[in-house]
Amino acid sequence: MSPSETNIAFALAPKSGIERHWSDISQLDQKRHIVTGRELLPADQFVGSTYDTGNPPTQATNITFRDEFDSLPTYFSGTGYHSIYINYSPSGMLSEANGMRPNNNSSLGTFINASFITGYEQKKRYIAAQSPCSAESALDFWRLIYQEQVHTVVLLSSVVEDGSMRCFQYWPDIAPVYFGPFRIRHVKQQTSFADFSEYMLALSLHRGERRGGVKGGEEHQVRLLVFTSWYEPQLSRDPHPLLELQRRLGTQREPYNETLLVHCENGCGRTAVFIALDILMATYASKREVSVYEVVSGMRRERPYMVHTFVQYLLIYIALFEDKHAGNTFLDLQLPTFYHDLLRKQPITKRTVLYDQFQLLSLVTEAYVPPPKVESSAPQVEQPQELHLGRGDEEVKRLRPEGPKVEDSV
């Protein structure tokens, strides 16, 4: 890890920062839960912990988030770094390994750089992939989507970032595009949000080809979400863009037993953060406690070096805390109903939900540290004198125009 990355990481999460909101553990196989402000949450929104009714973990040397990350395995025997790819077989069936055998239509080789990842209580829930970097690799990418019957794809980068290509654009702008035997067209216009865009695409075979019993011309629907606001230092301070993408994915999600394809430039960094967060959000909602270490370790068994920086590891904790610590605070069109719920009295605190939400916000908001003042040699410009508008101020009385008296109101 570079010195600058180390400085960012420890600035983001000292013990007084994000770690203080999570329970302590003394062994890597223990799980954590959120401890901050639990009494302030409504009973129907609070996600508690099994430790509330069971025995707490033994108090010993506390394991920090940094300790967890440094203890992650980097390599597992029998799963070489360059061999965890998905490849193809003529029959379209999976081999017993983490992939498939070659297909005669492969453009450059027998493999595509991608791996199956186990989800929450589901095998092969995800495919973690490297983004295509050329038209040839885009053909393999579409073949993967077609063969595995993927209906939802998440791209976690722009096509170009900082002047460098992060992903070859494998979807159309307006007119249909063609890769080998595949034709891809828009089903409806692009939907743009603040931090991501959504496309509805149709994939079909052309030239009268036939694959797996599907005739050429029959279309396979693909939903593509392209996240364009990934900047780790900013996301670590405000993970809402990433959480909004997760919620958008959830509101119109494909059946949970289908495979979700997630990719970024290398298929190990941003992709791993997104998949880990998706698994952990489901786990916390069900089990009320999680082990980020366990989930990331499991992902590395299936694809080495998943979550490869400490900043990314912290981002998982930060985003999970942001999603779970205060329940659902997003507004919908039913504003009167939502506001009525906020005015309910809490049985424990005897205060309104709205008041306790503000108290919780005060607990989790870091104190503002103003930037240091910089002495300037430039000549000082005289500032205009302020006009104080306090009640009874003689200057206000003098400047107030004559007219009927209007009572002040608050």
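What comes next concerns the included structure.

## Side note on the nonpolar core
Right, on to step 1. Grouped together as the largest cluster of nonpolar side chains are 53 residues, with contacts concentrated most on Trp-22, Val-154, Leu-156, Phe-274 and Tyr-313.
Right, on to step 2. Elements represented by at least two residues in this core include exactly helix H2 (65-71), strand E4 (122-130), strand E13 (219-227), helix H5 (240-251), strand E14 (260-264), helix H6 (270-287), helix H7 (292-302) and helix H8 (310-324).
Right, on to step 3. If we skip the residues at most four places from it in the chain, Tyr-313 touches Phe-65, Glu-68, Phe-69, Leu-72, Val-292, Tyr-293, Val-296 and Val-307.
Right, on to step 4. Core analysis: the next-biggest nonpolar cluster, separate from the first, contains 29 residues, Ala-114, Phe-141, Trp-142 and Leu-261 among them.

## Structural notes on the packing of aromatic side chains
Right, on to step 1. Evaluation of the coordinates by the stated rule reveals 14 aromatic pairs.
Right, on to step 2. Ring geometry for Phe-141 versus Tyr-170: centroids 4.8 Å apart, planes at 50°, classification tilted. Separated by 29 residues along the polypeptide, Phe-141 in helix H3 (residues 135-147) and Tyr-170 in the loop between strand E7 (164-165) and strand E8 (177-179) bring together distant segments of the chain.
Right, on to step 3. Judged by its relative accessible area of 1%, Tyr-170 falls in the buried class.

## Observations concerning the pattern of salt bridges
Right, on to step 1. On inspection of all chains with the given rule, the structure shows twelve salt bridges.
Right, on to step 2. For Arg-166, the salt bridge is made with Glu-161, and the minimal N-O distance between the two is 3.7 Å.
Right, on to step 3. Where Glu-198 meets Arg-248, a salt bridge forms, and the shortest distance between an N and an O atom there is 2.7 Å. Of this pair, Glu-198 sits in strand E10 (residues 196-205) while Arg-248 sits in helix H5, placing them 50 residues apart in sequence.
Right, on to step 4. Salt bridges sharing common partners tie together Glu-161, Arg-166, Glu-265 and Arg-270.

## Focus: the sheet that holds E14
Right, on to step 1. Strand order in the open sheet made by the eight strands is E3-E4-E14-E5-E13-E10-E9-E8, with mixed pairing throughout. Of all strands in the sheet, those with a lone pairing partner are strand E3 (114-119) and E8, marking the two edges. The mean angle between the axes of side-by-side strands here comes to 30°, regardless of whether they run parallel or antiparallel.

## Quick notes on H8
Right, on to step 1. Look at H8: 21 Å from first C-alpha to last across 15 residues, which is about the 21 Å you get at 1.5 Å a residue.
Right, on to step 2. Among the 15 residues that make up H8, 14 are buried, leaving the element largely enclosed by the rest of the structure.

## A look at a nonpolar patch on the surface
Right, on to step 1. A surface patch of nonpolar side chains, amounting to about 280 Å² of accessible area, comprises Tyr-339, Leu-343 and Leu-354.
Right, on to step 2. Within the secondary structure layout, Leu-354 lies in helix H10 (residues 353-364).

## A few points about unusual backbone geometry
Right, on to step 1. Positive phi, close to 50°, is recorded for Lys-124, a residue that is not glycine.
Right, on to step 2. Of note, Lys-124 is situated in strand E4.
Right, on to step 3. Taking relative accessible area as the criterion, Lys-124 reaches 35% and is therefore assigned partly exposed.
Right, on to step 4. One non-glycine residue, Gln-149, adopts positive backbone phi at about 55°.

## Section: the packing of H7 against H8
The axes of two packed helices give the description: the angle between them and the distance between them.
Right, on to step 1. At a minimum axis distance of 11 Å, the contact between H7 and H8 shows a crossing angle of 130°. For the element pair H7 / H8, the angle class is oblique. Considering only the axes of H7 and H8, their crossing is right-handed. Contact residues: Val-292, Tyr-293 and Val-296 in H7; Tyr-313, Ile-316 and Tyr-317 in H8.

## A short note on the packing of H6 against H7
Right, on to step 1. Contact geometry of H6 with H7 gives a least axis separation of 10 Å together with a crossing angle of 130°. Between H6 and H7, the angle falls in the class oblique. When the axes of H6 and H7 are compared, the crossing they make is right-handed. Two secondary-structure elements touch here, H6 through Ala-272, Ile-275, Ala-276, Ile-279 and Leu-280 and H7 through Val-292, Val-295 and Met-299.
Right, on to step 2. In terms of residue class, the contact of H6 with H7 is built from eight nonpolar, no polar and no charged.

The rules behind each value
- Residues numbered from 1 in each chain as written.
- Predicted model: local features only at pLDDT ≥ 70, side-chain atom pairs only at ≥ 80, totals over all residues.
- Heavy atoms only, no water.
- Core = buried A, V, L, I, M, F, W, Y, C linked by side-chain atoms within 4.5 Å.
- Buried < 20%, exposed > 50% of the residue type's maximum accessible area, 1.4 Å probe, protein only.
- Helix = DSSP H or I, 4+ residues; strand = E, 2+ residues; numbered from the N terminus.
- Contact = heavy atoms within 4.5 Å.
- Phe/Tyr/Trp six-rings, centres within 6.5 Å; stacked < 30°, edge-to-face > 60°.
- Salt bridge = Lys/Arg side-chain N within 4 Å of Asp/Glu carboxyl O.
- Pairing = 2+ DSSP bridges.
- Axes fitted to C-alpha atoms, helices over the stretch in contact; angles between N-to-C directions.
- Expected span 1.5 Å × (residues − 1).
- Patch = residues over 30% accessible without salt bridge, like charges linked within 9 Å, V, L, I, M, F, W, Y side chains within 5 Å.
- Areas by Shrake-Rupley, 256 points an atom, 1.4 Å probe, with all protein chains shown as cover.
- Parallel < 35°, antiparallel > 145°, perpendicular 65-115°, else oblique.
- Left-handed = near helix turned anticlockwise from the far one by under 90°.
- Nonpolar A, V, L, I, M, F, W, Y, C, P; charged D, E, K, R; others polar.

Read these as layout, nothing more, since geometry by itself doesn't imply function.
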